[in-house]
Amino acid sequence: MGKAEAQPARPLSPHLTIFRPYINMMMSILHRITGAANYFGTLLLAAWLTATASGPDGFMAANAVTASPIGLIILFLYSWSLIHHGLGGIRHFIWDTGRGFELPTIRLMSWATLAGSVTITLIIWFIGLTKWGAFS
Amino acid sequence: MNRYGTPLKRVRGLGSAQAGTEHFWGQRLSAVANLFLVTFLIYSVIQLAGEPLDVVRAYFRSPVVALLAALFAFSSAYHMRLGMQVIIEDYVHANTPKFILLILNTFFAAAVALTSVIAIIKLSLGA
Ligand code: HEM
């Protein structure tokens, strides 16, 4: 298939910059962003496992990083990213069955993904921090 | 390729429903597995939060824990490789950078999964 020799200047349809952001659009983008974040998050898991398996020194170092303010912030965002992406995946499963394509349903599911991921993350951190002894 | 074949032959060879659904299916299958395994990961992190090394070691010595951890390493690597492949194909169109990134994507997924599994095996055997 050869390339067309002369491409006439075609009118372009309005693109990303011109659309008002909709919640379903934001959640679609966020599913991709959290997927990519989870991608690099596996590096953190591998590093923690490797350090822990290397012995007491590695374990102490890994825990010092994890328990530092920046470590905790990254861990918090990573946990939210995993949960948000997981809930977004459930939304995809529903669509895969051919259901849930009505606009109100799409909007509802998009908001539910966001609200659900934030709520679940906060609950999990409350449990985790309690277990860790942060409140006692 | 196949420049001497008829257009019909090319269409038959390249048409959908031959291998095109594998990517989609693999992504969904690993997504379902990840749903359970991420739950297990979060449960594990809460279990181990603030615990000393002895407790962490004892936790990983359970065969079920080691198995689930290794499953997560493989399932997430498989899933994220497929996912990142789509992201690369969506944004990078020039052949050379695209192929380099696709190769790096596979290397990254394999390296991260193997690194994790080796550490999991060491821990489960009592490191
Ligand atoms: C928690 C359970 C998970 C579920 C239910 C899930 C579900 C999904 C689904 C259904 C897709 C395809 C979206 C589409 O077709 O447009 C997807 C894409 C993706 N997932 Fe996951 N996933 C999970 C965990 C993970 C993890 C742990 C990682 C990384 C290690 C990950 C990385 C990705 C990436 C990079 C993409 C591509 C995103 C895109 O194309 O926009 N996912 N996920």
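Scroll up a little and you will see the structure.
So, here is what we can say about the structure in this document. On a predicted model such as this, the values are computed, not experimentally measured, just so you know.

1. So, the side chain of Arg-57 of chain B
Step number 1: With respect to the helices and strands, Arg-57 of chain B occurs in helix H3 (residues 53-61).
Step number 2: Buried and unpaired, Arg-57 of chain B has Asp-54 of chain B as its nearest opposite-charge partner, separated by 4.7 Å.

2. Overview of the interface of chain A and chain B
As a measure of interface size, the accessible area lost when the parts come together is often cited.
Step number 1: Contact with chain A, which involves 31 residues of that partner, is made by 39 residues of chain B.
Step number 2: Across the chain A to chain B interface the summed buried area is about 2,900 Å²; carbon plus sulfur atoms make up 74%.
Step number 3: Area buried by chain A at its contact with chain B is led by Arg-32, Tyr-39 and Lys-131 of chain A, which between them contribute 24% of it.
Step number 4: The tally of links between chain A and chain B comes to three salt bridges.
Step number 5: Here Lys-131 of chain A makes a salt bridge to Glu-51 of chain B, at a shortest N to O gap of 2.8 Å.
Step number 6: Viewed at the interface, chain B and chain A are joined by seven residue pairs in polar contact (both at pLDDT 80 or more).
Step number 7: Secondary structure elements with two or more residues in the side of chain A that touches chain B: helix H1 (23-53), helix H2 (56-67), helix H3 (69-96) and helix H4 (103-132) of chain A.
Step number 8: When residues of the side of chain A that touches chain B are assigned to their parent elements, the largest contribution, 13 residues, is made by H1 of chain A.
Step number 9: Of the residues that constitute the side of chain A that touches chain B, the class distribution is 19 nonpolar, nine polar and three charged.

3. Observations regarding the site of the ligand
Step number 1: Inspection of the region around the ligand gives 22 residues, with Arg-32, Asn-38 and His-85 of chain A together with Arg-28 and His-79 of chain B positioned closest.
Step number 2: One of the side-chain nitrogen or oxygen atoms of Arg-28 of chain B is found 2.6 Å away from an oxygen atom of the ligand.
Step number 3: Those elements that place two or more of their residues in the shell around the ligand are H1 and H3 of chain A together with helix H2 (21-48) and helix H4 (63-91) of chain B.
Step number 4: Of the residues that constitute the shell around the ligand, the class distribution is eight nonpolar, 12 polar and two charged.

4. With respect to the coordination of the iron atom of the ligand
Step number 1: In the first shell of the iron atom of the ligand, the protein supplies His-85 of chain A (NE2) and His-79 of chain B (NE2), at 2.0 Å from the metal.
Step number 2: If you look at the iron atom of the ligand, its six donor atoms make angles of 87 to 179° with each other, and the shape they trace is octahedral. On the criterion of chain membership, the pair formed by His-85 of chain A in helix H3 and His-79 of chain B in helix H4 is interchain, its members lying in two chains.

5. Focus on H3 of chain B
One turn of the α-helix equals 3.6 residues, which is why residues spaced by three or four share an orientation.
Step number 1: Of the positions making up H3 of chain B, those classed as buried are Leu-53, Val-56, Arg-57, Tyr-59 and Phe-60 of chain B. Taken end-on, H3 of chain B shows its buried residues confined to a sector of 160°, consistent with a single buried face.

6. Some details on the packing of aromatic side chains
Step number 1: With the rule as written, the count across this model stands at seven aromatic pairs over all chains.
Step number 2: Aromatic side chains Tyr-59 of chain B and Phe-60 of chain B sit 5.9 Å apart centroid to centroid with 90° between the ring planes, which places their arrangement in the edge-to-face category. Phe-60 of chain B carries the same exposure label as Tyr-59 of chain B, and that label is buried.
Step number 3: Among the aromatic residues, those joined into a cluster by ring pairs are Tyr-39 and Phe-40 of chain A together with Phe-108 of chain B.

7. A word on the packing of H1 of chain A against H4 of chain B
Step number 1: The N-to-C vectors of H1 of chain A and H4 of chain B enclose an angle of 135°; their axes lie 10 Å apart at closest approach. Accordingly, the angle class assigned to the pair H1 of chain A and H4 of chain B is oblique. By crossing handedness, the relation of H1 of chain A to H4 of chain B is classed as left-handed. Residues Arg-32, Ala-36, Tyr-39, Thr-42 and Leu-45 of chain A of H1 of chain A form the contact with H4 of chain B, whose own contacting residues are Phe-72, Ser-76, Met-80, Met-84, Val-86, Ile-87, Asp-90 and Tyr-91 of chain B.
Step number 2: Broken down by class, the residue content of the contact of H1 of chain A with H4 of chain B amounts to nine nonpolar, two polar and two charged.

8. Describing the side chain of Arg-28 of chain B
Step number 1: Within the secondary structure, Arg-28 of chain B is located in helix H2.
Step number 2: Residue classification places Arg-28 of chain B among the buried positions, given a relative accessible area of 17%.
Step number 3: Not counting residues up to four positions away in its chain, the partners in contact with Arg-28 of chain B are His-92, Phe-93 and Asp-96 of chain A.

9. Things to note about the nonpolar core
Step number 1: In terms of nonpolar packing, the biggest core is built from 15 residues, with Leu-49 of chain A together with Tyr-59 and Phe-60 of chain B touching the most fellow members.
Step number 2: At the level of elements, H1 of chain A together with H2, H3, H4 and helix H5 (95-124) of chain B are the ones that each hand at least two residues to this core.
Step number 3: Ranked by residue count, the leading element in this core is H3 of chain B, at four residues.
Step number 4: If you look at the next biggest cluster of nonpolar residues, it comprises 13 residues, including Ala-46 of chain A together with Ile-87, Ala-109 and Ala-113 of chain B.

Rules used in this analysis
Residues numbered from 1 in each chain as written. Chains lettered and ligands numbered in written order. Predicted model: local features only at pLDDT ≥ 70, side-chain atom pairs only at ≥ 80, totals over all residues. Heavy atoms only, no water. Helix = DSSP H or I, 4+ residues; strand = E, 2+ residues; numbered from the N terminus. Buried < 20%, exposed > 50% of the residue type's maximum accessible area, 1.4 Å probe, protein only. Lys, Arg positive; Asp, Glu negative; His and termini not counted. Salt bridge = Lys/Arg side-chain N within 4 Å of Asp/Glu carboxyl O. Contact = heavy atoms within 4.5 Å. Buried area = accessible area lost by both parts, 1.4 Å probe. Polar contact = N/O pair within 3.5 Å; in protein donor to acceptor, adjacent residues only side chain to side chain. Nonpolar A, V, L, I, M, F, W, Y, C, P; charged D, E, K, R; others polar. Near = heavy atom within 4 Å. Donors = N, O, S within 2.8 Å, 3.2 Å for Na, K, Ca; no water. Tetrahedral: all angles 85-135°; square planar, octahedral: opposite > 155°, others 65-115°. Arc of directions from axis to C-beta. Phe/Tyr/Trp six-rings, centres within 6.5 Å; stacked < 30°, edge-to-face > 60°. Axes fitted to C-alpha atoms, helices over the stretch in contact; angles between N-to-C directions. Parallel < 35°, antiparallel > 145°, perpendicular 65-115°, else oblique. Left-handed = near helix turned anticlockwise from the far one by under 90°. Core = buried A, V, L, I, M, F, W, Y, C linked by side-chain atoms within 4.5 Å.

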